[in-house]
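# Residue-level structure breakdown
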Amino acid sequence: MTPPDPRGPLAPAERIICALDLPALAEALRLVEALGSSVRWFKIGMELFTREGPRAVEEIRRRGAGVFLDLKYHDIPATAERAVASAGALGVSLLTVHALGGAAMLEACARGRDGCLAPPAVLAVTVLTSLDQAALAAVGVTRTLEDQVLASAELARRAGLDGVVASPREVAALRGRLGKEALIVTPGVRLGGGSQDDHARAETPQRAIADGADLLVVGRPIRDAADPAAAARAFAEAAAQGLRA
Ligand code: C5P
């Protein structure tokens, strides 16, 4: 089984990325195996990658699933370009870079991608959802949060990146700004009625997809479910409803 192409047409079940927010590979692979074919993408973040390294990517790829490597590269252009090329060589399908790295870094990341045998989709993180207006001001950003998100997304688009990671609140505005080709990947989604965890303003998958999100990142609602595969299928069904809306 080969992972789907993130730029191709995606079935509802292919729109769910399960975040492997677990400390060790053995636990992560137990979740991957419990999910079987109900989830086609897994997000590896800093915690798991720092501990387990490229082996984590290889083991998930070996099981036929795709990897979203969420390491949010932010460095000088030459270093970021080579990091993207290295991630591409590992066979990841999607990866993240920080839009705040600037136009030259984003263009270098696009070059790193284009040199890959199987180029991954490179997504820009615009503004971390943990930052509010005051935190932005403290690092010298005087635009409104929404303007900063849109300006960063525009920078990424002009550099030739594939899309952005965005909170559900920003999806509609970003889809309007970026057009239909850009990939929009959205965390912070919850099925109606369930636990919201620490999300002050979680959105439903139906709404995020109807607003224009392509892929949804889901962590705890799948990881912590008694039946993770059933939870994943519920998210896929909600995505299907969003596509029909
Ligand atoms: O909240 P949940 O467990 O579904 O989060 C899934 C993933 O999305 C996590 O890896 C988290 O880092 C990321 N996330 C995010 N921004 C948010 C919420 C979650 O990037 N607002």
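In what follows, the structure referred to is the one given above.
Let us look at the structure shown here. (Residues numbered from 1 in each chain as written. Predicted model: local features only at pLDDT ≥ 70, side-chain atom pairs only at ≥ 80, totals over all residues. Heavy atoms only, no water.)

### Let's talk about the packing of helix H1 (residues 25–35) against helix H3 (residues 54–62)
We count it as follows: All axes here are fitted lines through C-alpha atoms, helices being fitted over the stretch that makes contact, and every angle between N-to-C directions spans 0 to 180 degrees. Secondary structure elements follow DSSP: runs of H or I no shorter than four residues count as helices, runs of E no shorter than two count as strands, and numbering proceeds from the N terminus. Just so you know how the angles are binned, under 35 degrees is roughly parallel, over 145 roughly antiparallel, 65 to 115 roughly perpendicular, and the rest oblique. Note: crossing handedness is left-handed where the near helix turns anticlockwise from the far helix by less than a right angle, and right-handed where it turns clockwise. Contacts are assigned to residue pairs with any non-hydrogen atoms lying within 4.5 Å of each other. Three residue categories are used. Nonpolar comprises Ala, Val, Leu, Ile, Met, Phe, Trp, Tyr, Cys and Pro, charged comprises Asp, Glu, Lys and Arg, and polar comprises the others, including Gly.
Remark: H1 packs on H3, axes separated minimally by 11 Å, with the N-to-C direction vectors making an angle of 20 degrees. Classified by the interaxial angle, the pair formed by H1 and H3 is roughly parallel. The chirality of how H1 crosses H3 is right-handed. Contact residues: H1 offers Leu25, Leu29 and Val32, while H3 offers Arg55, Ala56, Glu59 and Ile60. When the residues that make up the contact of H1 with H3 are grouped by side-chain class, the tally is five nonpolar, no polar and two charged.

### Things to note about the layout of surface pockets
The cut-off we apply is this: Only protein atoms enter the 1 Å grid used here, on which a cavity is any set of points holding a 1.4 Å probe that cannot leave and a pocket is any open set flanked by protein within 12 Å on both sides along at least five of seven lines; residues with an atom within 4 Å of a point are listed as lining. Grid points are joined across faces, edges and corners, and a volume is the space filled by probe spheres set on the points.
Here the second largest pocket is characterised by a volume of approximately 210 Å³. As for the second largest pocket, its lining consists of 13 residues, and the residues nearest its centre are Gly91, Val92, Ser93, Ala118 and Pro119.

### A look at the nonpolar core
The condition that has to hold: Here the nonpolar core consists of buried residues drawn from Ala, Val, Leu, Ile, Met, Phe, Trp, Tyr and Cys, with membership extended through side-chain atoms lying within 4.5 Å. Only protein chains enter the area calculation, which uses a 1.4 Å probe; residues under 20% of their type maximum are buried, those over 50% are exposed, and those in between are partly exposed.
Core analysis: the biggest nonpolar cluster contains 66 residues, and Leu69 and Val97 have the highest contact counts within it. Apart from the residues within four sequence positions on either side, Leu69 is in contact with Ile44, Phe49, Val57, Ala87, Val92, Leu94, Leu95 and Thr96. Counting residues in hydrophobic clusters, the runner-up holds 14 residues, among them Trp41, Leu123, Val125 and Val185.

### A word on unusual backbone geometry
A positive phi angle, near 50 degrees, is found at Lys72, a position not held by glycine. On the secondary structure map, Lys72 appears in strand S3 (residues 66–73).

### Points about the state of the cysteines
Our working rule: Criterion for a disulfide: a pair of cysteine sulfur atoms at a distance within 2.5 Å.
Under the defined criterion, the tally for this structure stands at zero disulfides. Cysteine Cys116 is unpaired, with the sulfur of Cys109 as its nearest cysteine sulfur at 11 Å.

### Quick word on the pairing of strand S4 (residues 94–98)
The criterion, for reference: Strands are treated as partners if at least two bridges between them are detected by DSSP. Seen with its strands pointing away from the viewer, a crossover is right-handed if its path from the first strand over the helix to the second goes clockwise.
Summarising burial for S4: five of the five residues are buried, a large majority. On S4, burial covers both faces: Leu94, Thr96 and His98 on one face and Leu95 and Val97 on the other are all buried. Pairing geometry for S3 and S4, over three bridges, is parallel. Residue pairing in the sheet places Phe68 in a bridge with Leu94 of S4. Each parallel crossover has a hand, and for S3 linked through helix H4 (residues 77–90) to S4 it is right-handed. The pairing of S4 with strand S5 (residues 121–125) spans five bridges and is classified as parallel. Along S5, the bridge assignment pairs His98 with Val125. Crossover handedness for the path S4 to helix H5 (residues 103–114) to S5: right-handed.

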